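Remarks on the overall topology
This is what each chain is made of:
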Amino acid sequence: MTRYESLEASLGHTPLIGLPRLSPKSEAGKPAVRLWAKLEDRNPTGSIKDRTAIAMIDDAERTGKLKPGATILEPTSGNTGISLAMIAKVRGYRLICVMPENTSVERTQLLEMWGAKIIYSPAAGGSNEAVRVAKELADENKDWVFLYQYGNPANTLAHYNGTGPEIFADLPTITHFVAGLGTTGTLMGAGKYLREKNPDIAIIAAEPRYGEVVYGLRNLDAGFVPELYDASVITRRFSVGAEDSVRRVKELLEVEGIFSGISSGAILHAALGVAKECVDAGVGADIAFIVCDGGWKYLSTGIYGKDGDSEVLDGQLWA
Amino acid sequence: MSATTSSSKIEVRIPTILRPFTNGEKVVSADATNLAELISALDKSYTGLGERLLENGELRRFINIYINDEDVRFMGSLTATLKAGDSVTILPAVAGGC
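Keep in mind the model is a prediction, meaning the values are calculated, not measured.

Along its length, chain B carries 2 helices and 7 strands. Reading the helices (α) and strands (β) of chain B from amino to carboxyl end gives β-β-α-α-β-β-β-β-β. Relative to its length of 98 residues, chain B is compact, with a C-alpha radius of gyration of 13 Å against a globular reference of 13 Å. When its C-alpha atoms are laid out on the principal axes, chain B stretches across 45 × 30 × 25 Å. Taking all 98 residues of chain B together, the buried fraction comes to 34%. Considering only intrachain contacts with a sequence separation of at least 6, the fraction spanning at least 24 residues in chain B is 50%.

Turning to helix H3 (residues 105-113) of chain A, a few remarks are in order. Residue and element names in this part refer to chain A. Every buried residue of H3 is accounted for by Arg107, Leu110 and Leu111. Angularly, the buried residues of H3 cover 100° about the axis, an arc narrow enough to put them on a single face. Across H3 from its buried face, at more than 90 degrees, point the exposed residues Val105, Gln109 and Met113. Buried residues belonging to H3 abut helix H2 (79-91), strand E4 (94-100) and strand E5 (117-121). Once H3 finishes, Gly115 follows within two positions and takes phi at roughly 85°, a positive value.

This part is about the interface of chain A and chain B. At the junction of the two partners, chain A supplies 41 residues and chain B supplies 23 residues. Among the elements of the structure, H2, helix H4 (126-140), strand E8 (202-208), helix H7 (212-215) and strand E9 (236-240) of chain A are those that each provide at least two residues to the side of chain A that touches chain B. Sort the elements by how many residues they give to the side of chain A that touches chain B and E9(A) lands first, with 5 residues. By residue class, the composition of the side of chain A that touches chain B is 18 nonpolar, 18 polar and 5 charged.

Residues and elements named next belong to chain A. Where helix H5 (residues 153-170) contacts helix H6 (residues 185-197), the two axes come as close as 7 Å, and the packing angle between them is 50°. Here H6 runs oblique to H5, going by the angle between their axes. In this structure, the crossing between H5 and H6 has a hand that is right-handed. Where H5 abuts H6, its residues Asn155, Thr156, Leu157, Ala158, His159, Tyr160, Thr163, Gly164, Pro165, Ile167 and Phe168 lie against Gly185, Thr186, Met188, Gly189, Ala190, Lys192, Tyr193, Leu194 and Lys197.

Residue and element names in this part refer to chain A. Taking 1.5 Å of rise per residue, 18 residues should cover 26 Å, and H5 covers 25 Å from first to last C-alpha, within 8% of that figure. Where H5 bends most, at Tyr160, the angle is about 30°. Elements that come into contact with the buried residues of H5 comprise strand E1 (16-18), strand E2 (33-39), helix H1 (49-62), strand E7 (176-180), H6 and strand E10 (285-291).

Another point: the domain arrangement of chain A. All names here are of chain A. Domain annotation for chain A reports domain 1 (8-42 + 162-305) and domain 2 (49-146). Domain 1 puts 19 residues into the contact, and the matching count from domain 2 is 19 residues. Secondary-structure elements contributing two or more residues to the side of domain 1 that touches domain 2 are H5 and H7. Its residues assigned to classes, the side of domain 1 that touches domain 2 comprises 9 nonpolar, 7 polar and 3 charged.

This next bit is on the confidence of the model for chain B. Residue and element names in this part refer to chain B. With 93% of its residues at a pLDDT of 70 or more, chain B shows a mean pLDDT of 92. When pLDDT is averaged over each helix and strand of chain B, the minimum, 92, is found for strand E1 (residues 8-13) and the maximum, 98, for strand E6 (residues 70-71). Interface predicted TM-score (ipTM) for the complex: 0.92; the corresponding pTM is 0.95.

The 4 strands lie next to each other as E5-E4-E3-E6 (chain A), forming an open sheet whose pairing is parallel. Pairing within the sheet leaves two strands with one partner each, and these edge strands are E5 and strand E6 (145-146) of chain A.

Turning our attention to the pairing of E5(A). All names here are of chain A. Here E4 pairs with E5 via 5 bridges, running parallel. Directly across from Val98, in E5, lies its bridge partner Ile119. Running through H3, the crossover from E4 to the neighbouring parallel element E5 is right-handed.

Buried together is how nonpolar side chains tend to be arranged in soluble globular proteins. With 95 residues, the main nonpolar core has Val178(A), Ala271(A) and Phe289(A) as its most contacted residues. When residues of this core are assigned to their parent elements, the largest contribution, 11 residues, is made by helix H9 (residues 262-281) of chain A. Looking at which domains feed residues into this core, each of domain 1 (8-42 + 162-305) and domain 2 (49-146) of chain A supplies at least three. Excluding anything up to four places from it in sequence, Val178(A) contacts Ile204(A), Ala206(A), Ile267(A), Ala270(A), Ala271(A), Val274(A), Ile287(A) and Phe289(A). In this structure, Leu53(B), Ile67(B), Val72(B) and Leu82(B) belong to the second largest nonpolar core, which totals 25 residues.

Residue and element names in this part refer to chain A. Between H2 and H3, whose axes approach to 8 Å, the crossing angle comes to 15°. For the element pair H2 / H3, the angle class is roughly parallel. Between H2 and H3 the crossing geometry is left-handed. Of the residues in H3, those in contact with Gly81, Ile82 and Ala85 of H2 are Arg107, Leu110 and Leu111.

Thresholds, definitions, all that
Position numbers for residues start from 1 in each chain and track the written sequence from start to end. Starting at A for chains and at 1 for ligands, labels are handed out in the order in which the entities are written. Selection of residues for local features in this predicted model requires a pLDDT of at least 70, selection of side-chain atom pairs for listing and counting requires 80 or more, and totals for whole chains, interfaces and linings are taken over all residues. Numbering goes from the N terminus for both helices and strands, where a helix is a DSSP run of H or I of at least four residues and a strand is a run of E of at least two. Here the globule rule is a power law, 2.2 Å times the number of residues to the power 0.38, and the radius of gyration is based on C-alpha atoms. Residues are called buried when their C-beta atom has 20 or more other C-beta atoms within 10 Å, exposed when it has 12 or fewer, and partly exposed otherwise; all C-beta atoms are positioned from the backbone. The contact criterion used here is simple: two residues whose C-beta atoms, placed from the backbone, lie within 7 Å are in contact. Arc definition: it is the arc formed by the directions from the helix axis to the C-beta atoms. Amino acids are sorted into nonpolar (Ala, Val, Leu, Ile, Met, Phe, Trp, Tyr, Cys and Pro), charged (Asp, Glu, Lys and Arg) and polar (every other residue, Gly among them). Only the contacting stretch of a helix is used when fitting its axis, a line to C-alpha atoms as for every element, and angles between N-to-C directions run 0 to 180 degrees. Oblique is the label for any angle not covered by the other classes, which are roughly parallel (under 35 degrees), roughly antiparallel (over 145) and roughly perpendicular (65 to 115). Take the far helix as your reference; a near helix turned counterclockwise from it by less than a right angle gives a left-handed crossing, and one turned clockwise gives a right-handed crossing. A helix is expected to span 1.5 Å multiplied by its residue count minus one. To obtain the bend at a residue, axes are fitted to the seven residues ending there and to the seven starting there, and the angle between these axes is taken. All the domain ranges listed were derived from an automatic or database domain assignment. Per-residue confidence from the prediction method is given by pLDDT, with values spanning 0 to 100. Paired strands, in this sense, are two strands between which DSSP finds at least two bridges. By the criterion used throughout, a crossover qualifies as right-handed when its path from the first strand across the helix to the second strand runs clockwise, the strands pointing away from the viewer. In this description, a nonpolar core means buried residues of the types Ala, Val, Leu, Ile, Met, Phe, Trp, Tyr and Cys, linked to one another by C-beta atoms lying within 7 Å.

What follows is the structure, encoded as structure tokens:
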């Protein structure tokens, strides 16, 4: 069925695409190790965050927290804001996004296009600082509705009810699930669902490693672990630098023709590492990983150009 | 196979916030065969660093340590083993792009 009542209704059911050229070759006689990309850019506004945004707004409407004409507040580095902005526009809410000032220009353009108001938080401190500023604003403005993707169980549920079941239906032989660690909603929700279906599955987190700007925090206690995070869901966790992420984004583009955003490169890097371990061990594997969004919003960073390398990401929040 | 206890040189990347302890050095090195030994060795060379990483004998909540990009919390934490040539990175926990 490809007919939908509205744009929102077309959420999810994204394709799971095989990577026959990027998947490592097993030795003769050994079982295959296969990589599968779940293309979340095929969502209404082009990212996996449509799932989170629609789930959080639906939940807030259902519980009476969100009344007609209300103002929604959210800390975001872009994708969640863009998703919320579209839905808020269509359903008649106002949206205020708190966003680090060092994100790509396309994100601001998209947010403003759908009528969102942006409050910038200082680059130093990255998303942590945006979360802190948003929490302060929520305290000062009690009539604003703070959906808070980092601690809202509806975010996790969106992936428990959507992303996880979709992957399992398409790939019942899945052995590894690899996704990015931001709010942790994808890994917690889809990870829990997939483990219920296959207790032996490996749930693997890949988190982007940002530059000096973000890690130059005032003190270590300013660190941030999202309320949704439950370490028991995760099997292994990798921190992937800008250089490896950019290299993998280009590989995905050049070898399989898939044009992804930069954080998806970090996720692919972890997936390929795991795939190589499986080949070395002579075991078969079906490894599904998330492509969070397409590359459109990152063109202005210059990484896709012939001479584009990870250095252009210095000082930018790239996921 | 017999267990070996010989030490190995490990490279450690220090985040901006902790560099005052390492005289501004971004990368330092120490001999160790597991993470607990490494932190103890670092603290000997750079007094006070250990306390910034550990609390009551455990990794501090907002500290993440990675061995070759993999989070030690899923590798046995302080008992995670190290071998010559391993690269260790210390980072404060940071919210991702969302």
